[in-house]
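# Working through the structure, step by step
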Amino acid sequence: EPASVGPQAAAPQEGVRLQVGAYGDRSGAAPQIERLEDLGFEVEVLDEDGLVKLVVGPFVGAALDDARIVLDGAGIDSFAR
C-alpha cells in the first residue's frame, strides 16, 4: 500500500455533469449520441420521467469550460445537473 494518499483520493471531486438532450425514445437519441461520441464525449443514457436523457461528464475546472466550448461550437445546448 502507498504510504500516503493525496487529497484527491481521500475526497474525490464529483465534478459537473452536463445534460445534452432529452428524447422520447432511444432511437430518437441515437443520432445525438453518435454526434457526441464523434466529438470525444462519453455519453451516459438515463431513463428519467419517461424520457431518454443524455448526460456527459463529470467535468472539473477547466475541463468543464472546454466541454461547454466544444458543445456550443457544435450547436448543442447543455445545462448542469
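Everything below is about the structure shown above.
An account of the accompanying structure is given in this report. (Residues numbered from 1 in each chain as written. Predicted model: local features only at pLDDT ≥ 70, side-chain atom pairs only at ≥ 80, totals over all residues. Heavy atoms only, no water.)

Here we take up the sheet that holds strand E3 (residues 51-59). The strand order across the open sheet formed by four strands is E2-E3-E1-E4, and the pairing between neighbours is antiparallel. The two strands at the open ends of the sheet, each matched to only one other strand, are strand E2 (43-48) and strand E4 (79-80). Pairing geometry for E2 and E3, over six bridges, is antiparallel. Of the residues in E3, the one forming a bridge with Asp-47 is Val-52. Contacting strand E1 (16-23), E3 and E4, helix H3 (residues 62-73) runs over the sheet at an angle of about 25° to E1. (Pairing = 2+ DSSP bridges. Helix = DSSP H or I, 4+ residues; strand = E, 2+ residues; numbered from the N terminus. Contact = heavy atoms within 4.5 Å. Axes fitted to C-alpha atoms, helices over the stretch in contact; angles between N-to-C directions.)

With that settled, the discussion passes to the packing of aromatic side chains. Each aromatic ring pair is characterised by the separation of its centres together with the angle its planes make. All told, the structure shown has one aromatic pair when counted by the stated rule. Ring centres of Phe-41 and Phe-59 lie 6.1 Å apart, and the angle between their planes is 85°; this geometry places the pair in the edge-to-face category. Here the residue Phe-41 occupies a position in the loop between helix H2 (26-38) and E2, and Phe-59 occupies one in strand E3, the gap between them amounting to 18 residues. By the burial criterion, Phe-41 is buried, and Phe-59 matches it. (Phe/Tyr/Trp six-rings, centres within 6.5 Å; stacked < 30°, edge-to-face > 60°. Buried < 20%, exposed > 50% of the residue type's maximum accessible area, 1.4 Å probe, protein only.)

All right, on to the environment of Asp-47 then. Take Asp-47: it is sitting in strand E2. In the structure, Asp-47 is positioned 25 residues away from Ala-22 in sequence and 9.4 Å away in space, judged by C-alpha atoms. Ignoring anything within four residues of it in the chain, the contact list for Asp-47 reads Arg-26 and Val-52. Looking at Asp-47, its side chain comes within polar contact range of the side chain of Arg-26, at 3.2 Å. (Polar contact = N/O pair within 3.5 Å; in protein donor to acceptor, adjacent residues only side chain to side chain.)

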